[in-house]
Amino acid sequence: MSITKLAYLNFKQNIRNYLSLIISLAFTILIFLNFQNLLYSDSMDVLGKMNKQNVEIIIRAVTFVLGCFMFFFIWYSTNVFLSRKKKEIGIYIFMGLTNQRIGKLYMLETMMTGLAAMVLGVGFGILTTQLFQMILMRISDISAEIHFQISLEPILISAAVYLVIYLIFVLKGYINIVRSSVLDMVSASRQNEYVKQRIPVLAVKSILGVGILGTGYYLAVKEGGMEVMGNVMAAVVLVVIGIYLLFGGLIPMIFQQLAKRKNFLYKKERNLWINNMVFRIRKNYRTYAIVCVLMLCSVTALATSFAMKQRYDGITHFRNTYSFQVMSAEDHLENDIADIIEKKNDIDYQTKIQILNLDSSYFDTKYQDAAYGLMAYSQVKQLAQDAGLPFDLKEPKDDEIIDVSRLYLLSIITDHSEEEVTINKKSYKETAETSEPYLGYLQELTSSYFIVNDAEYERLSSLGQKMYVYNYRLKDIYNTKASQSELRAYTEGKASSGTALVTIDPNSSDIEWIKVMYSFCVFMFMVFILASGCILFMKVYNDAFEETERYGILRKIGIADRTLKKAAQKELRFAYASPFVVMAVSSYFSVHALAKMMNTDLLGIQLISIAIIFVFFYLCYRLSLAVYLRNV
C-alpha cells in the first residue's frame, strides 16, 4: 500500500475526529474571505469616498488581527494534531517505515485535513458573501442595494495566507517527526508529563501573577490625562502575562494543596479527578490562558461595538440640536431670523446666548486651542431650559470654571479634576466638564468654550468681543434647504457686523464609517467566542485519548461507570469554568476602561456578553462531555 493511499485511508477513517478542527479552520477562512471581499467590492461606495477610505483602513486592521489569530490557531491545532499522530504512528516503526516516510504520511494526512478546511471555508465564504454584506449593512443601519459580487483577488489572497501559514506548521511537524528517535515515537502514548511541580516555583509564579494582574487591573481603570493610552496598552500586556502566570502558578498550587488534604480528597469522587488535574494542568494551563484571553477579547469587542453605536447616536444628536445657527455682533436679531425661517418651516424651539470671544493670548491652559469663548452661567441655564437640554451644573465660584467640550469619538483624557485655566493671569479651577450640546455644532469647531459665573463674565467682558448666537431647531430637520438661501442672503447683507450662518446637514455622512466599525466588532465577538470554544473542545478531545488506559484500569478495579462519569464531569467543568471565571472578573476592568474613554455605561453589555459566552460554553461542555465519555 502506498503512503498516499494509507494517508487517505487514515484521513477517511478519522474524519469525524477531525471535524471540529476542519469546521473551526473553515469558519476562520470564511470570515477572512468575506472581509477581503469587502475591499474589492463596490458595496462600500454608498458611504462616500472619505468614509470608504476609513472603512478600508478598519478592514485591513481587522484582517491583520484575523491573520494573527489564524496563525496562532493553526499553530495550536497542528500541535494537538501532531501529539495525537505521534502516539498513533509509533506502530509504523514495527512495519519497517523510516522516520522520513512516517513524516511524509503525517504531512499528507495533515494536508488533506487542511485542504478540506480550505475548500469548505472558501466554498461557503463565496456562498455567504451576499449574506455577510446584508448582515453587515443591517447591523450598521445603512441603506444600500446588495448584489452578489465576488472577484478572484480575495479568494486567492485568503487561500494564499491560509496555505502559507498551514504549510509552515506542517513542515515544522514533519521536521519534528524526522528528528524524533524511535523510542520517542514508540513510547509517545505513555508520555503525559504527569509530573508535579515544585511548590516554591508555583509560589513565585502565583505572587508574580497576582501582582502583575492586579497592576494591569489598576492601570486599566486609572484615570488621567495624555498618559491614559499608555496605561491602557500597558494594562493589556500585564493582564495577558498575569493570566498566564495565574494559570501556570496559583491554580496548580491550589490543586496541589487540596490534594494533600486527605479529609477533602477522599470525598465525592475527588480523588479520581483532583490528582489528575494536578498532573494534567502542567500541560493545559497555556490552553486555559489562551482561551481566557480570547474570551476577554470577545467581551471587549462587543462592548466596543455598542459603545461605538451609542457614540454615533450621540454625535448625530449633538450635531442636530439646532438646524440653523447665526452668529452676529448685533443684538435683537432673533425675531427677524425667525420670521425668515417661518415662511417655509415651522420652528420647534429657538435659543439665544451671548459669547465673549477672547484672544488665545489671554489663556494659559494644559491643552492650548486656537480660540476661546466664555459664557455666563445664567444664560447657559436659560438656553438649556429653552432647548430642553439637561442642566445639572452647579454655579461656579469666582475662581472656578466649567469646560464645555465637544463630543469626541474616543477620549484618552479621563480625569479633568484639579485642572487649572489661567485667564488674564488669574487662575480658575476646573470643577466640571460637560459635553451637552448647548452650542450645537459650534462646539465641534476649533474654539474652546467655558462657563463662568455672571460676575466674572462681566468683569472679563472688556477683554474681548461680545457675539450673539441665535439657534433654531426645525420641526422637520430635513427641510433646511427651503429656508437656507433666504437666510444666507440675510446674513450676507449683515456681513459688516460679523454675521455668519451655520446650516446643519442632517444627511451628512462623514461619520458613517463608525456604523460599519461597530458591525465589524460584532463579527469579531463571534469569531473570538467560536475560537475559544473550539480550542477547549480540541484539547478535551485530545485528553480523552490519553485517559483511555486510566479509565480502563479504574473499571477493572471495580469503579462504577456512574462514579467515573461524575469525576469526568467535574474535571471538564473545571476546564471550562476556570478560564470563564477569570475572564468574567477581568472583563469588568477592560470594559470599565473602555466605558471611561467612551464616556458611556457598558455594564449591561458586559453582562449580556458574559451570559452569551456562558450559554455557548455550556453547550460546548455538554458536547465535550459526551465525546469524552465515548472515547474513554
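In the nomenclature of an unreviewed UniProt entry, the protein chain corresponds to ABC transporter permease from the organism Candidatus Anaerostipes avistercoris. Word for word, the UniProt comment on the protein chain under Subcellular location (unreviewed entry) is "Cell membrane".

This next bit is on the overall build of the protein chain. Each helix and strand in the protein chain was counted, giving 18 helices and 10 strands. For the protein chain, with 632 residues in total, the buried portion stands at 51%. For the protein chain, contacts bridging at least 24 residues in sequence account for 85% of all contacts bridging at least 6.

This part takes up the pattern of salt bridges. If you walk through the whole model with that rule in mind, you get seven salt bridges. K343 serves as the salt-bridge partner of E486, at 2.6 Å between the closest nitrogen and oxygen. You can see E486 sitting in helix α15 (residues 481–493) and its partner K343 sitting in the loop between α12 (334–341) and β2 (347–358), a full 143 residues away along the chain.

Bringing a negative patch on the surface into the picture now. Together, D336, D339, E342 and D346 make up a region of like negative charge exposed at the surface. Along the polypeptide, E342 turns up in the loop between α12 and β2. A relative accessible area of 47% places E342 in the partly exposed class.

By definition, the strands of a sheet pair up through backbone hydrogen bonds, in either a parallel or an antiparallel sense. Taken together, the 10 strands give an open sheet; going across it, the order is β3-β6-β7-β5-β8-β4-β2-β9-β1-β10, and neighbouring strands pair in mixed fashion. Each end of this open sheet is capped by a strand with a single partner; those strands are β3 (363–364) and β10 (500–503). One ladder, built from three bridges, connects β2 with strand β4 (residues 371–376); its direction is antiparallel. Opposite L358, over in β4, you have Y372 as the bridge partner. In this fold helix α13 (residues 377–387) packs onto β2, β4, β8 (447–452) and β9 (465–474), with an angle of close to 160° to the strand it touches most, β2.

Turning our attention to the confidence of the model for the protein chain. Parts of the model with low pLDDT should not have their predicted coordinates read in detail. With 86% of its residues at a pLDDT of 70 or more, the protein chain has an overall mean of 81. When the criterion is pLDDT under 50, residues 191–195 qualifies, and its contacts beyond four places in sequence or with other chains add up to 13 contacts.

Right, let's get into unusual backbone geometry. Phi at H332 is positive, roughly 65°, even though this residue is not glycine. Relative to the helices and strands, H332 is located in the loop between β1 (324–328) and α12. Residue class for H332 comes out exposed when judged on its relative accessible area of 59%. Although it is not a glycine, N424 adopts a positive phi angle of roughly 50°. Structurally, the position occupied by N424 is in the loop between β6 (420–423) and β7 (426–434). N424 gets classed as partly exposed once you look at its relative accessible area, which sits at 37%.

Cut-offs applied
Residues numbered from 1 in each chain as written. Predicted model: local features only at pLDDT ≥ 70, side-chain atom pairs only at ≥ 80, totals over all residues. Heavy atoms only, no water. UniProt positions renumbered as here; feature names shortened; annotations may be inferred. Helix = DSSP H or I, 4+ residues; strand = E, 2+ residues; numbered from the N terminus. Buried < 20%, exposed > 50% of the residue type's maximum accessible area, 1.4 Å probe, protein only. Contact = heavy atoms within 4.5 Å. Salt bridge = Lys/Arg side-chain N within 4 Å of Asp/Glu carboxyl O. Patch = residues over 30% accessible without salt bridge, like charges linked within 9 Å, V, L, I, M, F, W, Y side chains within 5 Å. Areas by Shrake-Rupley, 256 points an atom, 1.4 Å probe, with all protein chains shown as cover. Lys, Arg positive; Asp, Glu negative; His and termini not counted. Charge placed at Lys NZ, Arg CZ, Asp CG, Glu CD. Pairing = 2+ DSSP bridges. Axes fitted to C-alpha atoms, helices over the stretch in contact; angles between N-to-C directions. pLDDT = per-residue confidence, 0-100.

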